[in-house]
Every structure is written in C-alpha cells, then in structure tokens.
Amino acid sequence: MSLRKRLSVSSTRSDSPTVLTAMPSADSGEWISVWRQTLAQDLIDSPVVAVDAETSVEDACEVLLSQDILCLAIKTPHGRSPQQTPFCGLFDFADVNAFLTLAATRHKISMDELREKPRVQEILNAAREGKVPAHLISNLSEKNPLEILPHDANIISLLAIFSRGAHRVVIQAPAPSLDYLGMVSDRGLLSWLTTYAQKTPSLLRYLSAPLSSVSLPSLYLYLSVVAAKASDSVLDAMTLMSDEGVSSIAVVDDETGGLLSAVSVTDIGKFVVPAQSNQILTTPLQQLVTRIKEPDGSTDGVDKSPVYSVSPNNTLFYTMQKLLATNSHRVFVTEESPMSSSPSFGSIAPTNLCGIVSVVDVLSLFARIANVPDVDPKRMQRHRRASSTSSNESLRSSGSFAARSRSSSRTSLQRLGSVSSLEGFQVRWADRVPVPENT
C-alpha cells in the first residue's frame, strides 16, 4: 500500500443544484455601508508576535506552542534590501507541516526539482549546516502569505484579501508610528459577520437559505472531498494535506466511509511537534483524534467533541455558526444527519460525505455581495496543488518515487539513528520523521 493516498468520497449527485438563491440587491446597500464604516482594526484578534529571521525552526515552534498562538511574523533578514515592512513573511503550523513533510521525503527529491525550487535546496543546505532558520520555512506551505493593511482599512478591505484564500492580515498603526496594531484572522471576520447578521434581520433572512440553494459555485457541494481513512497514519495525513494544499482533511471510517472527525495542520503542530518519539508519525489517525479530543470534557465530564458536518439542508447561517463553534476552517457536507466525532470511535452509521464549506467560501460570498472584484477563493489552493503535482511528477520521472508499505515505514524508524548521520539534518523535528528507503 502506498504511504501517500488520496481518498475521494463523492456523492452520487454530480452537479450543484440548479435552483439557486439570487444575490441580494434591495438590502445589500445598507449592509455594505456598515461594512465600509467598520474599521478592520476593530476586529484584531491576535497580537503581532515577531521573531528574528535566523530563529531556528525548532525555536519558532516552541514560541507557537508556549504562547499558544497560531502565527508568527518573521523579521526581514539582516543584509536584505530595505523593505517597507520589517517582516519578510509569516510562520504557522501549515508551514511546520510542510517542513516536516519535506524532511520525511527529502531522499526522494530529484536534482531536476532542486533546480526548479532553489528554496528547497537552501533548506537542505541549511540543515546540513546544523540549523534551518525560520525565514526559509516562512510560507513554505504557500498558505500563509504576508498581507498588510493600513490602520484605516475597513471590512471591505478584509473581504478582498480573505476571498482570495489568505487567512490573516496584519494591521499597521497610524503614521508616523512604525508599529503594528495586531492581526485579523478570517475566522475573526466570520465571527463579526455572524454577530452582525444576528442584529440585521434582512441579512439573517438571506443567510437562512439552505446550502443547496446558495449561489456560490466555490461551495462545491457534491464534489470530491480530501479525506483519509481512520487506519491511515499521521504521516499519511500530513503528506495528504501538503500535496492537496488544504489545512484539514476528513477522517472517515474504513468500512462505511462515514465521517468520524477531522485533522488539521494545527493539530499536527500541537500534537506531533512536541512528541518525544517519531513513532507518532506511524500512529493511526483514529488514535490521534482520540488524543485531540481528550481535553474536551476533562474539567466537567461533559463530552465536547465537536460535530464537523452539516447537511445540504442546513442554512448558511447555521453553517457559519458551526464553523465558529468547532473552531475549524471547514466543515464537511454529508447527506445524512451530522454526527459527532466520538473519542471511542465506536460503531458509526454510513454517511454520504459529499462536499465541504470553508471559512474562505463563506467570506467569498460576502465579498461578492460587497461587489469586490476578482473573487476567487480557490486560487491559492489551485496554485498549491499545481506546485505539488509538478513536484510529484518530477519525483516519479526520476524513478525514485516508489510506494512503500506501512511495515517498511516502521522498520525505517528503527534505523533512524542520530540526525547528524542523516545528511546533517540536525534539526530536532527532522528526528521525528522516518527516513524513506532508497529504491
């Protein structure tokens, strides 16, 4: 069995509904006026935590975990041409996942790919020297671009950025200050819009339409979903997210295909990075999900395992609430009733997993309402997938991309040894990935 899989779970329906809810017109002017008058800085939900460009990947991960934050700003390296901003990029768990995946597959990289991707070569060279600086890993996932807005930017400005697939925006302080006020996340904007809708009856009525009738093709109901089986390994999930350009995947029952839960790059960062053994990478996903859910209910005994699914008959507003309640970037669309992700992974009834709705999908709808030009929520994902496809084709053409069984993966863990013996990969995180066998 190949270590890398993509499980496509599709509905028997192949097309989106033909009867769609029309975009609002009569009431949208009032909404847009409020959005123009609301400053982006009022939605700041995290500080700008910056680290030096030469900070090691290990230390950057420690900052994310110790301060319980999702993103760092990376300062511009010394000696680089002066820029308008002191930052060269952002660093988050998606970048950590991309780095760990690169470490796991580094022996499979062909010379042709290294010539096409000089940044990968820089990372390998830095690892041989004993330290990979954070600035090399910044936005390695291609999911985490640095976006900056002025202090007087408004909700419309945020929609323009988030509707293209970005997840965070840095807000500048008013001149002459060179400081930054903080960051606004796409989830922060979704939360604000949800609260605004609750206070605005006309918008709430519009959002009460079922998903199956929402006029937004990017919702992609009834199309294939990126998913992994519960028996697949953590490394399978990491590679799948990296290859498919997504921040989370569905975890489905091996027998029924029923939706059990979801695993995200944030979960990878919080549970894989601190692990004291690389054996976690061969751990079945069902065990990882159990560990993820363990803190839920530990204080009062109540099971708080989130429900990650909605049905096509659920309203768009309910879906927005579900995205916020589960603290996730996407929920999965099933033909059956939503089910919770039980920590015990007991008997699960079959469901028809048929699509996804992401935060970016929902914000792109609001961007269209606001007449934002060039709304394309799948642009960044298409770019990431194209980049991954090109890399995989390069690996296959070199003859070094052979499928390996899970048992051989475990065997390779036993021969991992010290990182210094593995082409100088002296970053501790690389110590936690199995060395792919040469073919």
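Anything mentioned here points back to the structure above.
Residues numbered from 1 in each chain as written. Predicted model: local features only at pLDDT ≥ 70, side-chain atom pairs only at ≥ 80, totals over all residues. Heavy atoms only, no water.

### Comments concerning the overall build of the protein chain
Piece 1. For the protein chain, the count of helices and strands is 16 helices and 13 strands.
Piece 2. Residue burial in the protein chain is summarised as follows: out of 439 residues, 56% are buried.
Piece 3. Here the analysis covers contacts within the protein chain between residues at least 6 apart in sequence; of these, 69% occur between residues at least 24 apart.
Piece 4. Split by element, the accessible area of the protein chain, about 18700 Å² in all, is 49% carbon and sulfur. (Helix = DSSP H or I, 4+ residues; strand = E, 2+ residues; numbered from the N terminus. Buried < 20%, exposed > 50% of the residue type's maximum accessible area, 1.4 Å probe, protein only. Contact = heavy atoms within 4.5 Å. Areas by Shrake-Rupley, 256 points an atom, 1.4 Å probe, with all protein chains shown as cover.)

### Let's talk about the side chain of aspartate 236
Piece 1. By the secondary structure assignment, aspartate 236 is in helix H10 (residues 234–244).
Piece 2. Here serine 233 takes part through its backbone nitrogen, which lies 2.9 Å from a polar atom of the side chain of aspartate 236. (Polar contact = N/O pair within 3.5 Å; in protein donor to acceptor, adjacent residues only side chain to side chain.)

### A look at the sheet that holds strand S12 (residues 330–334)
Piece 1. Pairing within the open sheet is mixed, and its three strands lie in the order S11-S12-S13. Both edges of this open sheet fall to strand S11 (309–310) and strand S13 (353–358), since each of them pairs with a single strand only.
Piece 2. In this sheet, S12 lies alongside S11 in parallel orientation, the contact comprising two bridges. Of the residues in S12, the one forming a bridge with serine 309 is phenylalanine 332. (Pairing = 2+ DSSP bridges.)

### Side note on the sheet that holds strand S2 (residues 50–51)
Within a sheet, adjacent strands bond to each other through the backbone by hydrogen bonds, running parallel or antiparallel.
Piece 1. Strand order in the open sheet formed by three strands is S2-S3-S4, with mixed pairing between adjacent strands. Strands at the two margins of the open sheet, each flanked by one partner only, are S2 and strand S4 (87–92).
Piece 2. Note that S2 and strand S3 (residues 71–75) share two bridges and pair parallel. Bridging across to S3, valine 51 finds its partner in isoleucine 74.
Piece 3. Sheet strands in contact with helix H2 (residues 57–66) are S2, S3 and S4, and its direction is about 65° off that of S4. (Axes fitted to C-alpha atoms, helices over the stretch in contact; angles between N-to-C directions.)

That's the geometry; what it means functionally is another story.
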